Amino acid sequence: MTVSALDQLLGRSAAAVGVRAGGIAFTGGPVLESFYPVSDLASAAVGVAGLAVAQVLDALGMPPDSTTPSVVVDRGLADAWFGFALRPIGWELPSPWDPIAGDYPTLHAEGSGGWIRLHTNAPHHRAAALRVLGVAADRAAVAGAVASWVAGDLESAVVGEGGCAAELRTPAAWAQHPQGAAVAREPLVATERTEHSTDASPARWRPTPARPLAGLRVLDLTRVLAGPVATRLLAGLGAQVLRIDPPVWDEPGVVPEMTIGKRAARLDAHDLADRERLLELLTEADVLISGYRADALERLGLGDQQRRRIRPGLVDVSLTAYGHSGPWASRRGFDSLVQMSSGIAAAGLEAGTADRPTPLPVQALDHATGYLMAAAALAGLADRLRDGAGTRSRLSLARTAIELEAARGLERDAPVAVAEYPRTPLTTPWGAAELLPSPLTVGGSPLAWELPPRPLGSDDPVWLAQRRR
């Protein structure tokens, strides 16, 4: 029997999260076209999150009807949510990309891919790259300077200066690289059980079949894009999500998309009073979703052991770019950089159909990993309901990339025409907007968000009291 890309991605992802892969149905067809089975990855990741929701409902004694598939994924909508689900009306989102960010040809040298990607969206990352190159913030000047470097040397120099860059490698070269080999040995979702909680099902948890996380508190210490995708899904299930950002951080190109259903506050973890407030928030959180490197959390007093001590029974899910072991475990990274490092962006060059890197049509590693993070959090909540134990789950963009690479040659459905879906009107601080329908239903209930999107720092860093019913 032939295994399809969707079957493999769904089965392996469900097993990694620890949920049963039955009782799921897919409607519609794939939309995204790529050298890789991106649509299958989208459907599988959304589907596994749905299966984890069903597992929580079962643990709560509210199992969905088993006579029909309890989890339904609309494939076209899953693809659409991997892009932008929010459509501005009468205004435009700013570009998520800095003018300097992008792919640049480099000197050709033995063992070099001849291309590098500079990720300069954050001002300090742009400044690091410009310091190394010795030029002003002008794309033509940057291109001229990059052309005199060997890609690997420039990657090392920019990273060493505190910036973000990635040389283009092939999948074969990545598999032989020390970091590629290290992340290949890691599980897709590395989960361990931690201390038991005396409050496995807090009194403020008021679940219903349609809002199974109502009353739970999710502390969101993430930024573009995987972590915010995870917490957006948890908010769509009724959780109170509080996102915390540092004082000067912003990501205006994606904030309207990624703050749907959440409250957003700011704290300076380097300030003693603000750090104490952050620790207080953690003591009252049920779930922590973080996207900071492990060494950064340690410096903030939020290392693994500190988190376990502060909040026994915590469902703790964290993300890195390049994995949790190996020489790049603490390296900064983003989806587009991991695509370059892992060889995904080399597909067109290898096939002879492109003369430059060919990225995926969407930030699929970010989105897929985000849904898997949400699934890991849900599986952790189900486990805590059963015996009170906390969990710690770790994922990475690079490990998700391995799953996509492994499914590359498998059978997949041909893309279909993009369908038109009815959208829900939204009022946002930026103007009117429309939101796509939920790509997922569990027991007939779609994801639904109570709060409109908002700028970062719009709220106070406090948990809201449980509303009386």
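The preceding data block contains the structure.
Residues numbered from 1 in each chain as written. Predicted model: local features only at pLDDT ≥ 70, side-chain atom pairs only at ≥ 80, totals over all residues. Heavy atoms only, no water.

Engineer: What is the right way to read the overall build of the protein chain from this model?
Structural biologist: Along the protein chain, the regular secondary structure elements total 17 helices and 17 strands. Taking 23 Å as the expected radius of gyration for a compact globule of 469 residues, we find that the protein chain reaches 21 Å, a close match to that expectation. The principal-axis extent of the C-alpha atoms belonging to the protein chain is close to 65 × 60 × 50 Å. Across the protein chain, contacts joining residues at least 24 apart in sequence account for 78% of those joining residues at least 6 apart. A total of about 18300 Å² of accessible surface is found on the protein chain, and carbon and sulfur atoms cover 54% of it. (Helix = DSSP H or I, 4+ residues; strand = E, 2+ residues; numbered from the N terminus. Rg over C-alpha atoms; globule rule 2.2 N^0.38 Å. Contact = heavy atoms within 4.5 Å. Areas by Shrake-Rupley, 256 points an atom, 1.4 Å probe, with all protein chains shown as cover.)

Engineer: What's the story with the sheet that holds strand 5 (residues 115-118) in this structure? I'm lost.
Structural biologist: Pairing between the strands of a sheet comes from backbone hydrogen bonds, and it takes one of two forms, parallel or antiparallel. Overall, antiparallel pairing links the three strands, which are arranged 4-5-6 in an open sheet. Strand pairing shows two members of the sheet lacking a second neighbour, strand 4 (102-105) and strand 6 (165-167), which therefore form its edges. The average angle at which neighbouring strand axes cross in this sheet is 25°, direction not considered. Here strand 4 runs beside strand 5; their pairing, made up of four bridges, is antiparallel. Along strand 5, the bridge assignment pairs Gly 102 with Leu 118. (Pairing = 2+ DSSP bridges. Axes fitted to C-alpha atoms, helices over the stretch in contact; angles between N-to-C directions.)

Engineer: Any chance you could explain the sheet that holds strand 10 (residues 263-266) here in plain terms?
Structural biologist: Pairing in this open sheet of seven strands is mixed, and the strands run 7-13-12-11-8-9-10 from one edge to the other. At either end of the open sheet lies a strand with only one pairing partner, and these are strand 7 (190-196) and strand 10. The sheet shows a mean angle of 20° between the axes of neighbouring strands, direction not considered. Strand direction decides the pairing type here: strand 8 (residues 217-221) and strand 11 (residues 287-290), joined by four bridges, are parallel. Counterpart to Asp 220 in the pairing with strand 11 is Ile 289. Across the face of the sheet, helix 9 (residues 226-236) comes into contact with strand 8, strand 9 (240-245), strand 11 and strand 12 (315-320) while running at roughly 155° to strand 11.

Engineer: Please explain helix 4 (residues 123-133) as it appears in this structure.
Structural biologist: Turn by turn, an α-helix covers 3.6 residues, leaving residues three or four places apart pointing in a common direction. Those residues of helix 4 lying buried are His 125, Ala 128, Ala 129, Leu 130, Val 132 and Leu 133. Against strand 5, helix 5 (139-146) and helix 6 (151-160) lie the buried residues of helix 4. (Buried < 20%, exposed > 50% of the residue type's maximum accessible area, 1.4 Å probe, protein only.)

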